[in-house]
Amino acid sequence: MVERSRAARTVKDAEEARDELRAALKGAGVTLPSLALDGVSLVGDFPRPLVDLGRCTPETARRLAGALRGDVR
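An account of the accompanying structure is given in this report. Remember, predicted model here, so these are calculated numbers, not experimental data.

Some remarks on the overall build of the protein
Phase 1: When helices and strands are tallied, the protein shows two helices and two strands.
Phase 2: The helix and strand sequence of the protein, counted from the amino end, reads α-β-β-α.
Phase 3: For a compact globule of 73 residues, the expected C-alpha radius of gyration is about 11 Å, and the protein comes in at 15 Å, more than 25% above that figure.
Phase 4: By its C-alpha atoms, the protein is 50 × 20 × 15 Å across when sized along the principal axes.
Phase 5: In the protein, of all internal contacts separated by at least 6 residues, the share reaching a separation of at least 24 is 43%.
Phase 6: Of the roughly 5,700 Å² that the protein leaves accessible, carbon and sulfur atoms contribute 55%.

If you want it as structure tokens, here you go:
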């Protein structure tokens, strides 16, 4: 039961990280439509969640690059 609680906390933490990233990207005018948790990394008794950034258009990739550089658009 303790293992299950730890696994649930690990997944919850990954969900929060994903949501923080989504909010920060939105604030920079960037939307990654496929942003999600990687399903395969959630499998098993001891999940090791990964945030999957997914795919995006070249325009979105450039907006993301600009946001990382601090470009103002």
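Having put the structure on the table, let's press on.
A word on the environment of Leu-21
Phase 1: As for its placement among the helices and strands, Leu-21 is situated in helix 1 (residues 2–27).
Phase 2: Judged by relative accessible area, Leu-21 falls into the partly exposed class, the value being 32%.
Phase 3: Measuring from C-alpha to C-alpha, the distance between Leu-21 and Leu-32 comes to 9.9 Å, with eleven residues separating the pair along the chain.
Phase 4: Not counting residues within four places of it along the chain, the set of residues in contact with Leu-21 comprises Leu-35 and Leu-53.

Description of helix 2 (residues 58–69)
Phase 1: Counted at 1.5 Å a residue, the expected span for helix 2 with its twelve residues is 16 Å, and the 16 Å between its end C-alpha atoms agrees.
Phase 2: Gly-70 sits one or two residues past helix 2 and shows a positive phi near 90°.

Quick notes on the side chain of Thr-60
Phase 1: Along the polypeptide, Thr-60 turns up in helix 2.
Phase 2: Judged by its relative accessible area of 14%, Thr-60 falls in the buried class.
Phase 3: Once residues lying within four places of it in the same chain are set aside, the contact partners of Thr-60 are Val-30, Thr-31 and Leu-32.

Here is what the cut-offs are and how they apply
- Residues numbered from 1 in each chain as written.
- Predicted model: local features only at pLDDT ≥ 70, side-chain atom pairs only at ≥ 80, totals over all residues.
- Heavy atoms only, no water.
- Helix = DSSP H or I, 4+ residues; strand = E, 2+ residues; numbered from the N terminus.
- Rg over C-alpha atoms; globule rule 2.2 N^0.38 Å.
- Contact = heavy atoms within 4.5 Å.
- Areas by Shrake-Rupley, 256 points an atom, 1.4 Å probe, with all protein chains shown as cover.
- Buried < 20%, exposed > 50% of the residue type's maximum accessible area, 1.4 Å probe, protein only.
- Expected span 1.5 Å × (residues − 1).

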